[in-house]
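The residues making up each chain are set out below.
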Amino acid sequence: MSAKDLPEMNQPGDSMAADSGTESSPNREEVAQADGKPENGAGGSETAGGAPGESVDALKQALQQKENEIGELTDRLQRLAAEYDNFRKRTSREKEKLYSDSLCDVVSRFLPVVDNLERAVSAASETGDGKSLQEGINMIFRQMTDILEKMGVKPIEAVGKTFDPELHHAVMHVEDENYGAGEIVEEFQKGYIYKDQTVIRHSMVKVAN
């Protein structure tokens, strides 16, 4: 029997190769399903690309909100700065006006004294009478004292009083048994106090013992 006469038969190797090919494909599908990765790659890319897009939009909204808040705070700060600058300027003008009004009020009270002093000097120069000049000066002194009292200013008592550093300024000391300890025996310059509270000028005195 020749080889031509034999019926065609599948060789064992061909049969095994065919079987092997049919089994390998299901195995790959099973492995892909077990790993949780779909065989179609397009579906996986859509799922992965959705979350980053939403996160970027949320970040943009949050950033815009913060920028709006910063803008509002900046505007508020600028308004406060402008209001403070206006308040400072207004306060400065009010202080200047108050000082100017007070100064004018004080000076106006002493203008009559200046007038009388001018008249006394003029009269003394015309008559050559020293007595008239002395009387005029005494009158001016009384007038000035009266003005100071009306303003709440009065002299600080010194001679015969006990030395008080709040009222007196000692420039000399003397040891004398005729005076008590800390007693003021002489006044070199009169001091003045305003409404018994604020010392305008301390008395310059000599203190015993």
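The structure presented is a predicted model; accordingly, all values stated were derived computationally and were not measured. Every chain is numbered on its own, with residues counted from 1 as its sequence reads. With the structure being a predicted model, the display of local features is reserved for residues of pLDDT at least 70 and the display and counting of side-chain atom pairs for 80 or more, all residues being used for whole-chain, interface and lining totals. With hydrogens and water excluded, all non-hydrogen atoms of the structure serve as input to the side-chain values.

Asks: Now, about the overall build of the chain: what can you tell me, with residues and values included?
Replies: In DSSP terms, a helix is any run of H or I states spanning at least four residues, a strand is any run of E spanning at least two, and both are numbered starting from the N terminus. Scanning the chain from terminus to terminus reveals 3 helices and 6 strands. Taken from N to C terminus, the helices and strands of the chain fall in the order α-α-α-β-β-β-β-β-β. Within the chain, the proportion of its 209 residues that are buried is 11%. Throughout, a contact is declared for two residues whenever any of their heavy atoms are within 4.5 Å. The contacts in the chain between residues at least 6 apart in sequence include a share of 61% that link residues at least 24 apart. Per-residue and other accessible areas were derived by the Shrake-Rupley procedure at a 1.4 Å probe size, with only the shown protein chains allowed to occlude residues. Carbon and sulfur atoms form 54% of the exposed surface of the chain, whose accessible area is close to 16900 Å². Buried means the residue's accessible area, taken with a 1.4 Å probe over protein chains only, is under 20% of the maximum for its type, while exposed means over 50%, and partly exposed covers the values in between.

Asks: Please set out the side chain of Ser203 residue by residue, giving values where relevant.
Replies: Among the secondary structure elements, Ser203 is positioned in strand 6 (residues 203-208). We classify Ser203 as buried; its relative accessible area is 0%. Of note is the side chain of Ser203, whose polar atom sits 3.1 Å from the backbone nitrogen of Gly191. Not counting chain neighbours up to four residues away, the residues in contact with Ser203 comprise Ile156, Ala158, Leu167, His168, His169, Glu187, Gln189, Lys190 and Gly191. Counting of polar contacts relies on pairs of N or O atoms within 3.5 Å, with two restrictions inside protein: one atom must be capable of donating a hydrogen and the other of accepting it, and residues adjacent in sequence are counted only when both atoms are side-chain atoms.

Asks: Please provide a residue-by-residue account of the pattern of salt bridges, values included.
Replies: Here, a salt bridge means any side-chain nitrogen of Lys or Arg that lies within 4 Å of a carboxyl oxygen of Asp or Glu. Evaluation of the coordinates by the stated rule reveals 11 salt bridges. Between Asp101 and Lys97 there is a salt bridge whose closest N-O contact spans 3.0 Å. Taken together, the residues Asp101 and Lys97, both in helix 2 (residues 41-127) and 4 residues apart, mark about one turn of the helix. Take Asp101: its relative accessible area is 39%, and that puts it in the partly exposed class. Exposure remark for Lys97: the relative accessible area of 53% places this residue in the exposed category. A salt bridge links Glu186 to Lys206; the nearest nitrogen and oxygen atoms lie 3.1 Å apart. Taken together, the positions of Glu186 in strand 3 (residues 184-189) and Lys206 in strand 6 put the pair 20 residues apart, joining distant regions of the chain. One salt-bridge network, in which partners are shared between bridges, spans Asp85, Arg88 and Lys89.

Asks: Which residues make up the sheet that holds strand 2 (residues 168-174), and what values do they have?
Replies: Strands sit in the order 2-6-3 across an open sheet of 3 strands; the sheet is mixed. Edge positions in the open sheet fall to strand 2 and strand 3, since each of these has one partner strand only. When strand polarity is set aside, the average angle formed by the axes of neighbouring strands in this sheet is 30°. Sheet analysis places strand 3 next to strand 6, joined by 4 bridges and oriented antiparallel. Bridged to Gln189 within strand 6 is Met204. Pairing between strands is defined by DSSP: at least two bridges between the two strands are required. Helix axes use the C-alpha atoms of the stretch in contact, all axes being lines fitted to C-alpha atoms, and the angles between their N-to-C directions lie in the range 0 to 180 degrees.

Asks: Could you give an account of the nonpolar core, naming the residues involved and the relevant values?
Replies: With 5 residues, the main nonpolar core is built from Phe110, Val113, Ala120, Ile140 and Ile147. Within the residue set of this core, elements represented by two or more residues are helix 2 and helix 3 (130-150). The biggest single contributor to this core is helix 2, with 3 residues. If we skip the residues at most four places from it in the chain, Ile147 touches Arg109, Phe110 and Val113. Among the buried residues, those of types Ala, Val, Leu, Ile, Met, Phe, Trp, Tyr and Cys that are joined through side-chain atoms within 4.5 Å form a nonpolar core.

Asks: Explain the side chain of Lys206 to me, using residue names and the numbers behind them.
Replies: Overall, Lys206 belongs to the buried group, its relative accessible area being 17%. Residues within four places of Lys206 in sequence aside, it is in contact with Met172, Val174, Glu183, Ile184, Val185, Glu186 and Phe188.

Asks: So what's going on with the sheet that holds strand 5 (residues 198-201)? Which residues, and what values?
Replies: Taken together, the 3 strands give an open sheet; going across it, the order is 1-4-5, and neighbouring strands pair in antiparallel fashion. Edge positions in the open sheet fall to strand 1 (153-155) and strand 5, since each of these has one partner strand only. On average, each strand axis in the sheet is tilted by 30° relative to the strand beside it, whichever way the strands run. Of the pairings in the sheet, the one linking strand 1 to strand 4 (residues 192-194) comprises 3 bridges and is antiparallel in character. Residue pairing across strands places Val153 opposite Tyr194, the latter belonging to strand 4.

Asks: Tell me about the confidence of the model for the chain, residues and numbers included.
Replies: For every residue, the predictor reports its confidence as pLDDT, a number between 0 and 100. When the pLDDT values of the chain are averaged, the result is 78; 74% of them are 70 or greater. When the elements of the chain are averaged for pLDDT, helix 1 (residues 12-34) gives the smallest value, 46, and strand 6 the largest, 95. Of the regions scoring below 50 in pLDDT, residues 1-26 engages in 1 contact with residues more than four places distant in sequence or in other chains. Note that pLDDT drops below 50 for residues 36-49; the model gives that stretch 1 contact with residues more than four away or on any other chain.

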